[in-house]
Amino acid sequence: MSKQTSMLYLSEPEMIKAGVLDSAACTDVLDEVFRLMGQGDYLMGGYNHNEHGHPIVFPKTSPFPNMPVAGPDRRFMAMVAYLGGRFNITGEKWYGSNAANPARGLPRSIHLLVLNDPDTCEPVAIMSANLISAVRTGCVPALSTRYLARKDSATLSIIGAGPIGRSCAQAIVTQQKQLKELVVYDLFGEKSASFAKWANEELGLAARAASSLEECVSCGDIVVAAASALKPVYIEDKWIKKGAVVILSGGARFNDEALLNCTPVYDNPMMQQAYYEEHRHFASMEEFYATEKGGQFFRMTDEGKLPPLDKTPSLCRMANGEEPGRQNNEERFIFLTAGMSVFDVAWGYECLQKAKAEKLGIELPLWDGAYWL
């Protein structure tokens, strides 16, 4: 018997109406996702079920006139996932990235999310995903503060006055309502000043620009490193306050003492292990250690200075109550996180439910069954 198949299309304005910008709700959803990951009720790309995504890597040169060549932040990526629990959904975030886009009046990355029934494989929805990606990027650091930040944290420090820093700040203030001050540092002083003005007006925090990276880090009870991976910052152990948590959301390096004297925490150690095992495209292990976001963690693990990944604290185990998170006001943490397709799929699914309830979007027919039997 033939079956009609259709899917719901949601534009960016419709996604906003469906609550995609609700950072507090997204953080709650991601807490569920971390519990499911800790239980193993998820799949991502590859046979190891934990690949970050599948990229198109452009060559440095090409004899073909239309073939794109390598450039700053230039790639396409397919990020696929199945998520169990109440979600029971399969999906893919597909995006292209090009640092030249802002000069064209476009976002650097352009994202689309497709959700599918995991059994029949039929598409359920297709939706604009730039805001999904931006919001969930900030909500993972926000979730980490539930488990790792001091309850009396007063100052939020943001390194990097770009979209990631803004998303992180918006989400963190929904979880840490006692915050009083925001300090921001960027290589470009005018960006820091603009960010501080925004934080004061939109977040209600006393906000100011720091004159140096050291000042920004030293002030923070919660420090978010949201600098570009193309220009990572360098953080010294002596700058990190007693009781602080440093969240490695963007590009940052530390002196080894920082990782030895603070407690490293992973988001999902299985995915971080997959990162480690997929280093073959680097020229050498030394290049991998020096340039990969978690490279320093992996080098020190290989040298025996840090415990193996499965013995290192993780947000997955904390979300499941298997590890305690912060136990006293003296501890210092460094939290390593990376984007995962399960986050996009979960938050897209949640927004889809609200869109259906509010009758948002356009139903698009895929086929009526007459042609494919």
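Our structure's up above, just so we're on the same page.
Residues numbered from 1 in each chain as written. Predicted model: local features only at pLDDT ≥ 70, side-chain atom pairs only at ≥ 80, totals over all residues. Heavy atoms only, no water.

Novice: Looking at this structure, how should I read the sheet that holds strand β15 (residues 263-266)?
Specialist: One open sheet accounts for seven strands, arranged β10-β9-β8-β11-β13-β16-β15; its pairing is parallel. Each edge of the open sheet is held by one strand with a lone partner, namely β10 (206-209) and β15. Pairs of neighbouring strands in the sheet enclose a mean axial angle of 20°, with direction left out of account. Packing against the sheet, helix α10 (residues 295-302) makes contact with β13 (245-248), β15 and β16 (333-336), and its axis sits at approximately 115° to β15. (Pairing = 2+ DSSP bridges. Helix = DSSP H or I, 4+ residues; strand = E, 2+ residues; numbered from the N terminus. Axes fitted to C-alpha atoms, helices over the stretch in contact; angles between N-to-C directions. Contact = heavy atoms within 4.5 Å.)

Novice: How should I be thinking about the pairing of strand β5 (residues 89-97) in this particular structure?
Specialist: Direction of pairing for strand β4 (residues 75-83) relative to β5: antiparallel, over a ladder of nine bridges. Residue pairing for β5: Ala81 is matched across the bridge by Gly91. Here β4 hands over to β5 after five residues, with Gly85 in that stretch at a positive phi of 60°. In this structure, β5 lies alongside strand β6 (residues 109-116), joined through eight bridges in antiparallel fashion. When the sheet's bridge partners are listed, Lys93 is paired in β6 with Leu113.

Novice: How should I be thinking about the layout of surface pockets in this particular structure?
Specialist: Take a probe with the size of a water molecule and roll it over the atoms, and the empty space left behind shows itself. Looking at the second largest pocket, its volume works out to about 200 Å³. Looking at the lining of the second largest pocket, the elements with two or more residues in it are β1 (5-10), β7 (123-128) and α12 (341-357). In terms of residue count, α12 provides more of the lining of the second largest pocket than any other element does, four residues in total. Partitioned by chemical class, the residues of the lining of the second largest pocket number nine nonpolar, three polar and four charged. (1 Å grid on protein atoms, 1.4 Å probe; cavity = no way out; pocket = protein on both sides within 12 Å on 5 of 7 lines; lining within 4 Å. Points joined across faces, edges and corners; volume = space filled by probe spheres on them. Nonpolar A, V, L, I, M, F, W, Y, C, P; charged D, E, K, R; others polar.)

Novice: Quick question: what am I supposed to make of helix α4 (residues 163-175) here?
Specialist: An α-helix turns once every 3.6 residues. As a result, residues three or four positions apart point the same way. Look at α4: 19 Å from first C-alpha to last across 13 residues, which is about the 18 Å you get at 1.5 Å a residue. Of all the residues in α4, the buried ones are Gly165, Ser167, Cys168, Ala169, Ala171, Ile172, Val173 and Gln175. On the buried face of α4, the contacting elements are α2 (23-39), α3 (130-148), β8 (155-159), β9 (181-185), α5 (189-203) and β11 (222-225). (Expected span 1.5 Å × (residues − 1). Buried < 20%, exposed > 50% of the residue type's maximum accessible area, 1.4 Å probe, protein only.)

Novice: Can you help me understand the side chain of Asp237 in this one?
Specialist: Take Asp237: it is sitting in the loop between β12 (233-235) and β13. A polar contact is formed between the side chain of Asp237 and the side chain of Asn261, at a distance of 3.0 Å. Dropping the residues within four chain positions of it, Asp237 is found in contact with Asn255, Glu257, Ala258, Asn261, Cys262 and Arg332. (Polar contact = N/O pair within 3.5 Å; in protein donor to acceptor, adjacent residues only side chain to side chain.)

Novice: Can you help me understand the packing of α2 against α3 in this one?
Specialist: A pair of packed helices is characterised by two quantities: the angle between their axes and the separation of those axes. Where α2 contacts α3, the axes come no closer than 8 Å and their chain directions differ by 70°. In this view, α2 runs roughly perpendicular relative to α3, as classed from their interaxial angle. Judged by residue contacts, Ser23, Cys26, Thr27, Asp28, Leu30, Asp31 and Phe34 of α2 engage Val135, Arg136, Cys139, Val140, Ala142, Leu143, Arg146 and Tyr147 from α3. Partitioned by chemical class, the residues of the contact of α2 with α3 number nine nonpolar, two polar and four charged. (Parallel < 35°, antiparallel > 145°, perpendicular 65-115°, else oblique.)

Novice: Sorry if this is basic, but what is going on with the nonpolar core here?
Specialist: Nonpolar side chains tend toward joint burial in soluble globular proteins. Ranked by internal contacts, the top residues of the largest apolar core, which has 74 residues, are Leu182 and Val342. Top contributing element to this core by residue count: α12, with nine residues. Residues in contact with Val342, not counting those within four places in the same chain, are Val33, Met37, Tyr42, Leu43, Met44, Ala81, Tyr82 and Leu83. (Core = buried A, V, L, I, M, F, W, Y, C linked by side-chain atoms within 4.5 Å.)

Novice: How do you make sense of a nonpolar patch on the surface when you look at a structure like this?
Specialist: A contiguous nonpolar surface patch, about 230 Å² in accessible area, is contributed by Tyr9, Ile362 and Leu364. For Tyr9, the position within the fold is in strand β1. Look at Tyr9 and you get partly exposed, because its relative accessible area is 30%. (Patch = residues over 30% accessible without salt bridge, like charges linked within 9 Å, V, L, I, M, F, W, Y side chains within 5 Å. Areas by Shrake-Rupley, 256 points an atom, 1.4 Å probe, with all protein chains shown as cover. Salt bridge = Lys/Arg side-chain N within 4 Å of Asp/Glu carboxyl O.)

Novice: Which parts of the structure should I look at to understand α10?
Specialist: Most of α10 is tucked away: seven of the eight residues are buried. Taken as a whole, α10 has its buried residues at Gly295, Gln296, Phe297, Phe298, Arg299, Met300 and Thr301.

Novice: Where do I start with the environment of Pro72 in this structure?
Specialist: With respect to the helices, strands and loops of the structure, Pro72 is situated in the loop between β3 (54-56) and β4. For the pair Pro72 and Ala193, spaced 121 residues apart in the sequence, the C-alpha separation amounts to 26 Å.

Novice: Quick question: what am I supposed to make of the environment of Ile158 here?
Specialist: Turning to its location among the elements, Ile158 is positioned in strand β8. On the basis of relative accessibility, which here comes to 0%, the residue Ile158 falls in the buried class. Excluding anything up to four places from it in sequence, Ile158 contacts Gly165, Ala169, Leu182, Val183, Val184, Tyr185, Phe195, Cys216 and Val224.

Novice: Help me understand the pattern of salt bridges in this model?
Specialist: Within this structure, the stated rule accounts for 22 salt bridges. Where Asp221 meets Lys241, a salt bridge forms, and the shortest distance between an N and an O atom there is 2.8 Å. Of this pair, Asp221 sits in the loop between α6 (213-219) and β11 while Lys241 is found in the loop between β12 and β13, placing the two residues 20 residues apart along the sequence. Asp221 sits in the buried class, given a relative accessible area of 10%. Overall, Lys241 belongs to the partly exposed group, its relative accessible area being 29%.

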